[in-house]
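The lines below spell out each chain.
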Amino acid sequence: MALLDVKNLTKNFGGLTAVGDVTMHLDKGELVGLIGPNGAGKTTLFNLLTGVYEPSEGSVSLDGTLLNGKKPYKIASLGLSRTFQNIRLFKDMTVLENVLVGMANQNNPHLLASFLRLPKFYHSEAKLRQKAMELLAIFDLDGDAETLAKNLPYGQQRRLEIVRALATEPKILFLDEPAAGMNPQETAELTQLIRRIKEEFDITIMLIEHDMSLVMEVTERIYVLEYGRLIAHGTPDEIKTNQRVIEAYLGGEG
Ligand SMILES: Nc1ncnc2c1ncn2[C@@H]1O[C@H](COP(=O)(O)OP(=O)(O)OP(=O)(O)O)[C@@H](O)[C@H]1O
């Protein structure tokens, strides 16, 4: 059974079909790309998978559990985490606090203890802090733990977003254009980082990205959307030479 099973997924906005009859799957441990020209429906698909939108038709299942109709926070707690095209950090909070917020839902069993500020709360908070610092260290951000997020350079803000998404210990991580706005040096670092996440975490990743060299370098399989429809699916080498894909890109952006 696939980890994530998407069947005939459709989202209509009035007369516009932003995502139409998409069937795809993610197996455990895979790194899969999702590409397509501007407006192809990639972000809408992420929004459907993470519960931001309700599908007009079709279904999404995680480990056999139907996600349709579940709220985004519920879906997140089942193991789906994401980053956004536009950075959504808590800019006036420190780097460490941003990661702690990501971990907050793991602290739920201690909600009463935290409300009453029992010793158990302080113990679990200390453990969370330690875990957050370990995570930041992996991403070379531990030296900036007390820096306000807004004062980090752009590339590091993007990196922090990924750390925060990982802090929830998701089964699947959705990355929405993580290289957007990055310079070539930052993109090269991000490429390494995505590889490391894949190697060091027990995680499945789906990546939307316009930077083709990044997608081709890190992914194992790629789905291609155009006007909401899947027009191709295959390995990076197959996609690079797929006539339909080449036409979609030349037609859409040439
Ligand atoms: N909430 C909405 N209401 C109406 N139309 C929408 C909505 N969200 C997206 N759309 C439309 O759906 C289509 C797909 O948009 P979407 O943002 O998913 O594409 P995308 O592939 O992520 O594009 P990009 O690469 O530019 O980010 C577009 O035509 C867009 O205008």
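Residues numbered from 1 in each chain as written. Predicted model: local features only at pLDDT ≥ 70, side-chain atom pairs only at ≥ 80, totals over all residues. Heavy atoms only, no water.

An unreviewed UniProt entry lists the protein chain under the name Amino acid/amide ABC transporter ATP-binding protein 1, HAAT family, with Streptococcus equinus JB1 given as the organism.

Right, let's get into the site of the ligand. The environment of the ligand is made up of 15 residues, and the closest members are Gly39, Gly41, Lys42, Thr43 and Thr44. The backbone of Gly39 places a nitrogen or oxygen atom 2.9 Å from an oxygen atom of the ligand. In this structure, Thr44 approaches the ligand through a side-chain N or O atom, which is 2.6 Å from an oxygen atom. Elements with a contribution of two residues or more to the shell around the ligand: strand 2 (16-26) and helix 1 (42-49). Here the shell around the ligand gets three residues from one element, more than from any other, and that element is helix 1. Its residues placed into classes, the shell around the ligand shows six nonpolar, seven polar and two charged. (Near = heavy atom within 4 Å. Polar contact = N/O pair within 3.5 Å; in protein donor to acceptor, adjacent residues only side chain to side chain. Helix = DSSP H or I, 4+ residues; strand = E, 2+ residues; numbered from the N terminus. Nonpolar A, V, L, I, M, F, W, Y, C, P; charged D, E, K, R; others polar.)

Two side chains with opposite charge may pair up if their charged atoms get near one another. Enumeration over the complete set of coordinates arrives at 14 salt bridges. Arg195 serves as the salt-bridge partner of Glu217, at 3.3 Å between the closest nitrogen and oxygen. Of this pair, Glu217 sits in helix 8 (residues 212-218) while Arg195 sits in helix 7 (residues 184-200), and the two are 22 residues apart along the sequence. Take Glu217: its relative accessible area is 47%, and that puts it in the partly exposed class. The salt bridge involving Arg196 is made with Glu200; its shortest N-O contact spans 3.0 Å. Within this pair, Arg196 and its partner Glu200 are both found in helix 7, separated by four residues, close to a single helical turn. Given a relative accessible area of 36%, Arg196 falls into the partly exposed group. Residue classification places Glu200 among the partly exposed residues on the basis of a relative accessible area of 44%. (Salt bridge = Lys/Arg side-chain N within 4 Å of Asp/Glu carboxyl O. Buried < 20%, exposed > 50% of the residue type's maximum accessible area, 1.4 Å probe, protein only.)

With that settled, the discussion passes to the pairing of strand 10 (residues 229-234). Two faces, one strand: in a regular strand the side chains alternate between the faces of the sheet. In this sheet, strand 10 lies alongside strand 9 (residues 221-226) in antiparallel orientation, the contact comprising five bridges. Pairing of Glu226 across the sheet is with Arg229, part of strand 10. Linking two consecutive strands that pair antiparallel, namely strand 9 and strand 10, is a turn of two residues; a positive phi of about 45 degrees is found at Tyr227 within it. (Pairing = 2+ DSSP bridges.)

When its domains are assigned, the protein chain resolves into domain 1 (1-79 + 170-185 + 204-253) and domain 2 (87-169). One C-alpha centre belongs to domain 1, the other to domain 2; they are set 28 Å apart. With eleven residues of domain 1 at the interface, the matching set in domain 2 holds nine residues. Around 700 Å² of area is buried between domain 1 and domain 2 when both sides are counted, 67% of it from carbon and sulfur atoms. (Domains from an automatic or database assignment. Contact = heavy atoms within 4.5 Å. Buried area = accessible area lost by both parts, 1.4 Å probe.)

A word on the side chain of Gln157. Relative to the assigned elements, Gln157 resides in helix 6 (residues 154-166). A distance of 3.0 Å separates a polar side-chain atom of Gln157 from the backbone oxygen of Leu152.

Here the focus is the nonpolar core. Counting 36 residues, the largest nonpolar core has Val99, Leu136 and Leu160 as the members making the most contacts within it. Elements with a minimum of two residues in this core: helix 3 (95-103), helix 5 (119-138), helix 6, strand 7 (172-176), helix 7, strand 8 (204-208) and helix 8. When residues of this core are assigned to domains, at least three map to each of domain 1 (1-79 + 170-185 + 204-253) and domain 2 (87-169). Ignoring sequence-local partners within four residues, the contact set of Val99 consists of Ala132, Leu135, Leu136, Leu160, Val163, Arg164 and Ala167. Counting residues in each nonpolar core, the second largest holds 26 residues, with Val6, Phe46, Ile172 and Tyr223 among its members. (Core = buried A, V, L, I, M, F, W, Y, C linked by side-chain atoms within 4.5 Å.)

Here we come to the sheet that holds strand 5 (residues 65-66). Within the open sheet, the four strands sit side by side as 2-1-4-5. Their pairing is antiparallel. One side of each edge strand has no neighbouring strand; the edge strands of this open sheet are strand 2 and strand 5. With five bridges connecting them, strand 1 (residues 4-13) and strand 4 (residues 57-62) associate as antiparallel partners. Within the sheet, the bridge partner assigned to Thr10 lies in strand 4 and is Glu57.

Inspection of the sheet shows strand 1 paired to strand 2 by seven bridges, in the antiparallel sense. Across the sheet, the residue bridging to Asn12 is Thr17, located in strand 2. Connecting strand 1 to the antiparallel partner strand 2 that follows it, the hairpin turn spans two residues, and Gly14 within it adopts a positive phi of roughly 55 degrees.

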